[in-house]
Structure formats: structure tokens, C-alpha cells
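This is what each chain is made of:
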Amino acid sequence: ITHAEFDRVQVLLGKKGNPRSQELDFAYTGMIRCGECGCMYTAEEHKKKLVSGDVRKHVYYHCTRKKIDIPCTQKKNVRLQDLEGQINDLLSNVTILPEFKDWAIEILLREHAEETKSSKTLLVAQQKAIGRLEDKLTNLLNLRLDGSLTHEEFIAKKNELQLERERLKQNLGDTFSKTDSWLNKAEELFEYACTARDRFNSGSLQKRREILNSLGSNFIIKDGKLSLTYHSWLQPIEKAYLPIEAKYLKLEPSERLMNTGVSAPMEAVLSTWSV
């Protein structure tokens, strides 16, 4: 998982904007294109008055077919309920069980321990390098004071050493930042994979739109079927997770995660996940 991928997820899930006077009436307009002509999909609300006097509302999505130079046969309306059912299916492909989230985080904690050791070694080396540069600057000043260097030589060498010191300090800050943040970022991404579908189903129209946007890009409907390209950080889950979950669900309860550790059959399943 790269920093850029994580930051993109954070923007999509927590982005701030101008306050809205009301919720979106149609959550998915402006996101989905026609798989035949490339036009955007729009939505309409149809109202039907029942014999009882009640009014039933239905929302349908359809291609705008605005490109007059490209013929489009996609005239089928997609009901909102059917569209959100397909979104649920797409979310299901990257939804993981809580047990697997906990296992993934456990693996990350182990790796974090190794990462911390490596980072500490790197930090010590970087701090020593900065110390050596400080000594060089002090020696440089002494050489200038005793007349061994001209003013021009002193200024040129001092600027060179100061630039190198600032570069090392930047690297030192990057090492601290990486050590402190990468585990939290990974945990949040696994939390997303564990809860996104439930939050989609219980969320507002705006939240559903945000979750769909955080799922991927290139949203296309053709012949009534929605497809997308999953974001890169979700693709390993989409490609490999479901068969692993199927193996897990076939295990007897006694063979799954135990309070005292992981059973041998479960270890075999989870080892596939950790590869």
C-alpha cells in the first residue's frame, strides 16, 4: 500500500467541501458512463399513485445518449434498487471477515517490529552523519579564523555543508514519519475493507456515493450491468481473498481461530493470506 493510495482513500472518505443545502437526490449521477457511447448516466424519479392513494416513487438510471454522432442502443433503464444491489456485489468482492482483518493486522504488527528495528538502525546512522557534518562546520569556521581559507572559499564550503545537513535532516524526518504512520494507515485500509459494505447499506445518499467513489474508478454500465476498475490497493483482495474465505468457512468451529492461538488448519488457510 503506497502513501498516495492511502491519501486518495482518505480524501474520498473524508473530503471536505461546501455545505450542501440538502442531500443528493440522485447519488450516482456524474459518476457512471455508458459502456457503448461514453455518455454519462443520469437519473429520473417516477411517481405512481396506488389505488390506496399512496404514491410510490421509483428512481431509474439511464444513458443520456447526448452524442448525436455515436449511435447508442443502451436504452434500458436501471432501477436504483438493482444498481445498489450491483454495488453491493462489487463491495462484497473486497469485503473481508473481521477474523481476517485481525489476522492481517497481527501480521503487520510483526512486520512493524522488524521495521522498527531497521528504522532505529537507520535513525542512528542518520544522526551520526548529521553530527559529523556539524563537526565539519565547526572545523571550517576554525580554518577561516586562522586564515587557512579565504572568505570566498569559506562561504562556498559552508553553503555546501549546510545543504547536505538540511538534506540529512529531511531524510531523518521522513524516517520518523514513516515509522510512526505506516501501520496506522494499513490498519485503516483493512478497516475499510471490513466495514465498507455495511456502511454503504446504512449510510446516507452522500455517504453511499463517497464509498462507491472510494471503491474504484471507470464506472461503466452496459446492458444493465455495472462494472468498474478497483483501486490498486483493493485489487489483491479482489483477486485472491474470496477463495481463502471459502476455505475458512469450510473449517469446523474448533478448527478456526482459538483463544490460545491459531489451529493448524486455520494456520494453513491464513498462510495463503499472508503470502
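About the criteria used
Residues numbered from 1 in each chain as written. Predicted model: local features only at pLDDT ≥ 70, side-chain atom pairs only at ≥ 80, totals over all residues. Heavy atoms only, no water. Pairing = 2+ DSSP bridges. Helix = DSSP H or I, 4+ residues; strand = E, 2+ residues; numbered from the N terminus. Contact = heavy atoms within 4.5 Å. Axes fitted to C-alpha atoms, helices over the stretch in contact; angles between N-to-C directions. Salt bridge = Lys/Arg side-chain N within 4 Å of Asp/Glu carboxyl O. Buried < 20%, exposed > 50% of the residue type's maximum accessible area, 1.4 Å probe, protein only.

A.B. asks: Tell me about the sheet that holds strand 6 (residues 225–230), and please be specific about residues and values.
C.D. replies: Strand order in the open sheet made by the 3 strands is 1-5-6, with mixed pairing throughout. Each edge of the open sheet carries a strand with a single partner, namely strand 1 (33–34) and strand 6. Summarising the sheet, strand 5 (residues 216–222) and strand 6 pair through 5 bridges and their orientation is antiparallel. Bridge pairing links K222 to K225 in strand 6. Seen against the sheet, helix 2 (residues 80–92) touches strand 5 and strand 6 and runs at an angle of roughly 35° to strand 6.

A.B. asks: Would you mind going over the pattern of salt bridges in detail, with residue names and values included?
C.D. replies: Taken as a whole, this structure holds 5 salt bridges when the rule is applied. Salt-bridge contacts for E191 lead to K101; the nearest nitrogen and oxygen are separated by 3.0 Å. With a gap of 90 residues between them, E191 in helix 4 (residues 151–202) and K101 in helix 3 (residues 98–145) connect regions that are remote in the sequence. Look at E191 and you get partly exposed, because its relative accessible area is 33%.

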